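Okay, here's what each chain looks like letter by letter:
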Amino acid sequence: MSTTTLVNDFIHSSQSELNTTGCKLAMVILNSPTLKVDLVKRLWNNAELRFCADGGANRLHDSLPEDERSAMLPHSIIGDLDSIRPAVADYYRSRGVCVRCIEDQNENDLDKTVSGILEVVQEREQAAREWTVVVLGPFGGRMDQELAAIHSSFKWMDTFQRLVLLSDETVAHALSSGTSSLLLRRGVEGPHCGIYALVEPAVVSSKGLVWNMQDTSLAMGVTCSSSNQIDYTCRDDETIDSPRSRNSVHTVTISTDRPIFWTCSLFGE
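The sections below set out a description of the structure shown in this document. (Residues numbered from 1 in each chain as written. Predicted model: local features only at pLDDT ≥ 70, side-chain atom pairs only at ≥ 80, totals over all residues. Heavy atoms only, no water.)

### Quick look at the sheet that holds strand S1 (residues 3-7)
(1) Moving on: Ordered in space as S1-S9-S14-S11-S12, the five strands form an open sheet in which the pairing is mixed. Two strands close off the open sheet at either side, each with one partner strand: S1 and strand S12 (216-218). Strand-to-strand twist in this sheet, taken as the mean axis angle between neighbours without regard to direction, amounts to 30°.
(2) Moving on: Two elements, strand S11 (residues 202-207) and strand S14 (residues 249-256), share four bridges in a ladder whose sense is antiparallel. When the sheet's bridge partners are listed, Ser-205 is paired in S14 with Ser-255. (Pairing = 2+ DSSP bridges. Helix = DSSP H or I, 4+ residues; strand = E, 2+ residues; numbered from the N terminus. Axes fitted to C-alpha atoms, helices over the stretch in contact; angles between N-to-C directions.)

### Digging into the packing of aromatic side chains
(1) Moving on: Applying the stated criterion across every chain yields a total of three aromatic pairs.
(2) Moving on: Ring geometry for Tyr-91 versus Tyr-92: centroids 5.2 Å apart, planes at 90°, classification edge-to-face.
(3) Moving on: Lying across the ring of Tyr-91, Arg-69 places its NZ or CZ 6.0 Å from the centre. (Phe/Tyr/Trp six-rings, centres within 6.5 Å; stacked < 30°, edge-to-face > 60°. Lys NZ or Arg CZ within 6 Å of the ring centre and 35° of its normal.)

### Looking at the sheet that holds strand S2 (residues 24-29)
(1) Moving on: Spatial ordering of the open sheet is given by S5-S4-S3-S2-S6-S7-S8-S15-S10-S13, a layout of ten strands whose pairing is mixed. Because the sheet does not close on itself, it has two edges, and the strands there are strand S5 (98-101) and strand S13 (225-229). Here the strands of the sheet are splayed against their neighbours by 20° on average, with no regard to which way each runs.
(2) Moving on: Helix H6 (residues 109-123) rests against S2, strand S3 (49-53), strand S4 (76-79), S5, strand S6 (131-136) and strand S7 (162-166) of the sheet, and its axis sits at about 155° to S3.
(3) Moving on: Sheet strands touched by helix H7 (residues 143-155): S7, strand S8 (170-175) and strand S15 (260-266). Its angle to S7, the strand with the most contacts, is close to 155°. (Contact = heavy atoms within 4.5 Å.)

### Quick look at unusual backbone geometry
(1) Moving on: A cis amide bond, omega 10°, links Gly-190 with the succeeding residue Pro-191.
(2) Moving on: Checked against the element boundaries, Pro-191 lands in strand S10 (residues 189-196).
(3) Moving on: Backbone geometry places Leu-81, a non-glycine residue, at a positive phi of 60°.
(4) Moving on: Inspection of the secondary structure puts Leu-81 in the loop between S4 and helix H5 (86-93).
(5) Moving on: We note that Ser-227 has phi near 60°; this positive angle belongs to a residue other than glycine.
(6) Moving on: The topology assignment puts Ser-227 in strand S13.
(7) Moving on: Look at Ser-227 and you get exposed, because its relative accessible area is 55%. (Buried < 20%, exposed > 50% of the residue type's maximum accessible area, 1.4 Å probe, protein only.)

In structure tokens:
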């Protein structure tokens, strides 16, 4: 079985660097009280498509001064529009932004927005598997919405390359069954991480962690790999300077027979 290589270069690279790797990035801003403008700006400059999920437009609007607000216009605002303020909707409509109401209550606003991204990708006649969707603000608010974001990561993992959940402190996403090779940069990702079998029990093996697993059975309510760490002291690192350098790139390999969920801290030591 082939290995899928995954790298979160959108966190620390410029758009020109992403272009050389063939990465296509779409971003979604959620209506999160923990959303930080620095994180929005970092991803904004790297994303080709920029969407707001309903009240996420309020967060974008309110976090920016007028000169930046008028320059940072999303491609679309999508949801049932029960959260976006009328004045904010009018502001973006008057500047040519599509504000789209989808009242279907069988889908949450994030899934509606990701469906909108898929429509644009298909209109461009591009392969969705070449795109990574990064969701900003999935953690730190209401638990039901956090779980809905995790649900979406699993729902869309076979459509796009990944649906990544990103906050100031955490990057997380579903991993498909098979083997995944995660290229992690010291000083950006880690050291703390976790692996969870959220959908169904899984048998997992890993390399590159402080506490590796070998055919370990994971299941909710039984066993999980929580408070694990990336072992940046390994000597088989692929590094720029040395394995202990803050610029070193380290490989974590995870094999699983069922989809699992990976979490990793950001900007730790």
